[in-house]
Amino acid sequence: MQNTKLLLTSFTFVGLLALAGCSFPGVYKIDIQQGNVVTQDMIDQLRPGMTRRQVRFIMGNPLLTDTFHADRWDYLYSLQPGGGERQQERVSLIFNGNDQLVSLAGDFMPGVSRDEALLGKESGNTVTAPAENAEKPKAEKPVKPGSLLDQIQKDVDGVKTVPVPIPEPLDTSPQ
């Protein structure tokens, strides 16, 4: 009787510890990626009239090829961050009877950056001169004498270059 109570108590205790270990907050959970990685650059390279071989070169092999819809290729990608909510992206490419790309549907659209789509900005085809967009370098402040930066600069300036010795060829003549 006493042994049965002790055994039952120990099993209950071990079971509760095992159950608590399953959801312990410090446990590392890995990110799970599945499918084809599709980027906006890949979508931007696609053009109507491309052959299946050209599309496969750009996009890679499709994840799904439906036997009932042989003219459609599906590219799926899902990412579930460790313990987070699953995110999924899908792109379907449609071909005609001549094996040429006709259209695409899904989460990506040609020429639309995801940042622009989220922020609501129009993607114009305007090109600005590089000089307008270039950041002007900031003028460096003079270093205070005796500071750590001053010491480092003096050490760097005081380094003397040493030529690398050139090894002489080995004598291969027999003696």
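Residues numbered from 1 in each chain as written. Predicted model: local features only at pLDDT ≥ 70, side-chain atom pairs only at ≥ 80, totals over all residues. Heavy atoms only, no water.

Attention now moves to the confidence of the model for the chain. Averaged over every residue, the pLDDT of the chain is 77; the share at 70 or more is 74%. In this model residues 123–130 is a low-confidence stretch, pLDDT under 50, and it forms three contacts with partners more than four residues away in sequence or in other chains. (pLDDT = per-residue confidence, 0-100. Contact = heavy atoms within 4.5 Å.)

Core analysis: the biggest nonpolar cluster contains 16 residues, and I43, L46, V55, M59, Y75, V91 and L93 have the highest contact counts within it. Only α2 (40–45), α3 (52–59), β3 (72–80), β4 (87–95) and β5 (101–106) provide two or more residues apiece to this core. Excluding anything up to four places from it in sequence, M59 contacts V38, M42, I43, L46, Y75 and L93. (Core = buried A, V, L, I, M, F, W, Y, C linked by side-chain atoms within 4.5 Å. Buried < 20%, exposed > 50% of the residue type's maximum accessible area, 1.4 Å probe, protein only. Helix = DSSP H or I, 4+ residues; strand = E, 2+ residues; numbered from the N terminus.)

Attention now moves to the pattern of salt bridges. Summed over the entire model, instances satisfying the criterion amount to three salt bridges. Two residues, R52 and D99, come together in a salt bridge whose shortest N-O distance is 2.8 Å. With R52 in helix α3 and D99 in the loop between β4 and β5, this residue pair connects regions lying 47 residues apart in the sequence. Among the salt bridges present, the one from D150 reaches K154, with a minimum N-O distance of 3.5 Å. Residue D150 and its partner K154 are both found in helix α6 (residues 148–157); the two are separated by four residues, about one turn of the helix. (Salt bridge = Lys/Arg side-chain N within 4 Å of Asp/Glu carboxyl O.)

Let us look at α3. R52, V55, I58 and M59 are the residues of α3 that are buried. Mapping the buried residues of α3 onto a view down its axis gives an arc of 125 degrees, with all of them on the same face. Opposite its buried face, α3 presents the exposed residues R53 and F57, each directed more than 90 degrees away. In this structure, the buried side of α3 is in contact with α2, β3, β4 and β5. Backbone geometry just downstream of α3 places G60 in the positive-phi region, at approximately 90 degrees. (Arc of directions from axis to C-beta.)

The next point concerns a nonpolar patch on the surface. Nonpolar side chains collect at one region of the surface, where V143, L148, L149, I152 and V156 lie side by side and expose about 490 Å² of accessible area between them. For I152, the position within the fold is in helix α6. Exposure remark for I152: the relative accessible area of 42% places this residue in the partly exposed category. (Patch = residues over 30% accessible without salt bridge, like charges linked within 9 Å, V, L, I, M, F, W, Y side chains within 5 Å. Areas by Shrake-Rupley, 256 points an atom, 1.4 Å probe, with all protein chains shown as cover.)

For D150, a relative accessible area of 16% puts it in the buried group. In contact with D150, other than residues within four places in its own chain, are V143, K144 and P145.

In this section: the pairing of β5. Sheet analysis places β4 next to β5, joined by five bridges and oriented antiparallel. Its bridge partner lying in β5, V91 is registered against G106. In this structure, the hairpin formed by β4 and β5 is closed by a connection of five residues, where D99 is found at a positive phi of approximately 60 degrees. (Pairing = 2+ DSSP bridges.)

The next point concerns the side chain of S78. Relative to the helices and strands, S78 is located in strand β3. Among the residues examined, S78 registers a relative accessible area of 7% and is labelled buried. Contacts of S78, omitting those with residues within four sequence positions, involve I32, Q33, Q34, R86, Q87 and Q88.

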